[in-house]
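Structural characterization, general
What follows is the residue order along each chain.
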Amino acid sequence: LSSLSNSPTLFARSSACLSPQPFSLRNIMSLSRLLTEIIPIEDLYAAGAEWRDGHGKVLVIIESSSAIISTISSSTLIWMILRSPQRMSTSRHRILFGMAIGDILYSLSIADFRAMTPSDVDYLIWNARGNQATCNVQGFLLIVGVIMSLLYSCSLNIYSLAIVKYNKTDSYIRTKMEPF
């Protein structure tokens, strides 16, 4: 117990959990060792910094770059819909418009290169500079964007089913199906 009081600790080592045989005697012995070994907080910070500055940074850059491209693409789709002669008069255009808005909201929540992540976790997340309020905004945009995209995707599937399989017209879809 005296060694535990000298160094701050957080998590137990988890190397025993990676072996392929879940109920062997060897695993049970490793699990007993697992419960007694403790990682010093300095080692945890060092491992987090190694991940943050290596793979974590690359993944954030790729993810945010993809989100920026997605935002530009969805904005272009909205621009094309609004510039078309039909504009928002067809069901297909309204569904695609909603999907594009949802994608923009979701992509904007990711396109910040993790700058909205609270700075409390900067030892683990590369470029974390935000606070709890920015984290809440990011989470709200992410959830609303994902839900909008999923629901409009379902609507597009139902619309396509009605057009292709049941030979329904756009006026039928607009009056009978779209209000629901």
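Scoring rules and cut-offs
Residues numbered from 1 in each chain as written. Predicted model: local features only at pLDDT ≥ 70, side-chain atom pairs only at ≥ 80, totals over all residues. Heavy atoms only, no water. pLDDT = per-residue confidence, 0-100. Contact = heavy atoms within 4.5 Å. Phe/Tyr/Trp six-rings, centres within 6.5 Å; stacked < 30°, edge-to-face > 60°. Lys NZ or Arg CZ within 6 Å of the ring centre and 35° of its normal. Patch = residues over 30% accessible without salt bridge, like charges linked within 9 Å, V, L, I, M, F, W, Y side chains within 5 Å. Areas by Shrake-Rupley, 256 points an atom, 1.4 Å probe, with all protein chains shown as cover. Salt bridge = Lys/Arg side-chain N within 4 Å of Asp/Glu carboxyl O. Helix = DSSP H or I, 4+ residues; strand = E, 2+ residues; numbered from the N terminus. Buried < 20%, exposed > 50% of the residue type's maximum accessible area, 1.4 Å probe, protein only. Polar contact = N/O pair within 3.5 Å; in protein donor to acceptor, adjacent residues only side chain to side chain. Axes fitted to C-alpha atoms, helices over the stretch in contact; angles between N-to-C directions. Parallel < 35°, antiparallel > 145°, perpendicular 65-115°, else oblique. Left-handed = near helix turned anticlockwise from the far one by under 90°. Nonpolar A, V, L, I, M, F, W, Y, C, P; charged D, E, K, R; others polar.

Averaged over the protein, the pLDDT score is 82; the fraction of residues at 70 or greater is 77%. Predicted confidence for residues 1-21 stays below pLDDT 50, and this span has 29 contacts to residues more than four positions away or in other chains.

Attention now goes to the packing of aromatic side chains. Following the criterion strictly, the structure yields zero aromatic pairs and no others. Over the ring of Y172 we find K168, and its NZ or CZ is 4.7 Å from the ring centre.

It is worth spelling out a nonpolar patch on the surface at this point. A cluster of nonpolar side chains, contributed by W51, L59 and L124, occupies part of the molecular surface with about 290 Å² of accessible area. One can find L124 in the loop between α4 (91-110) and α5 (132-164). Given the relative accessible area of 39%, L124 is considered partly exposed.

What follows concerns the side chain of S74. Mapped onto the elements of the fold, S74 is located in helix α3 (residues 41-83). At 2.4 Å, the side chain of S74 and the side chain of D103 are in polar contact. Ignoring sequence-local partners within four residues, the contact set of S74 consists of A100, D103 and I104.

It is worth spelling out the environment of W51 at this point. Mapped onto the elements of the fold, W51 is located in helix α3. W51 sits in the partly exposed class, given a relative accessible area of 39%. Not counting chain neighbours up to four residues away, the residues in contact with W51 comprise G56, K57, L59 and L124.

Turning our attention to the pattern of salt bridges. For the structure shown, the criterion picks out three salt bridges. Its salt-bridge partner being E178, residue R94 comes within 2.7 Å of it at the nearest N-O pair. Here the residue R94 occupies a position in helix α4, and E178 occupies one in the segment after α6 (170-177), the gap between them amounting to 84 residues. By relative accessible area, R94 is classed as partly exposed at 22%. By relative accessible area, E178 is classed as partly exposed at 35%. We note a salt bridge from R174 to D170, for which the minimum N-O separation is 3.4 Å. Residue R174 and its partner D170 are located together in helix α6, separated by four residues, close to a single helical turn. Classification of D170 by relative accessible area gives partly exposed; the value is 21%.

Where α5 meets α6, the closest approach of the two axes is 10 Å, and the angle between their N-to-C directions is 130°. Classified by the angle between their axes, α5 and α6 sit oblique to one another. Every pair of crossing elements has a handedness; the one defined by α5 and α6 is right-handed. Along the contact surface, α5 presents I158, Y159, A162 and I163, while α6 presents D170, I173 and M177. Broken down by class, the residue content of the contact of α5 with α6 amounts to six nonpolar, no polar and one charged.

Note that S84 resides in the loop between α3 and α4. Given the relative accessible area of 14%, S84 is considered buried. Side-chain polar atoms of S84 contact the backbone oxygen of I81, separated by 2.9 Å. A distance of 3.2 Å separates a polar side-chain atom of S84 from the backbone nitrogen of R87.

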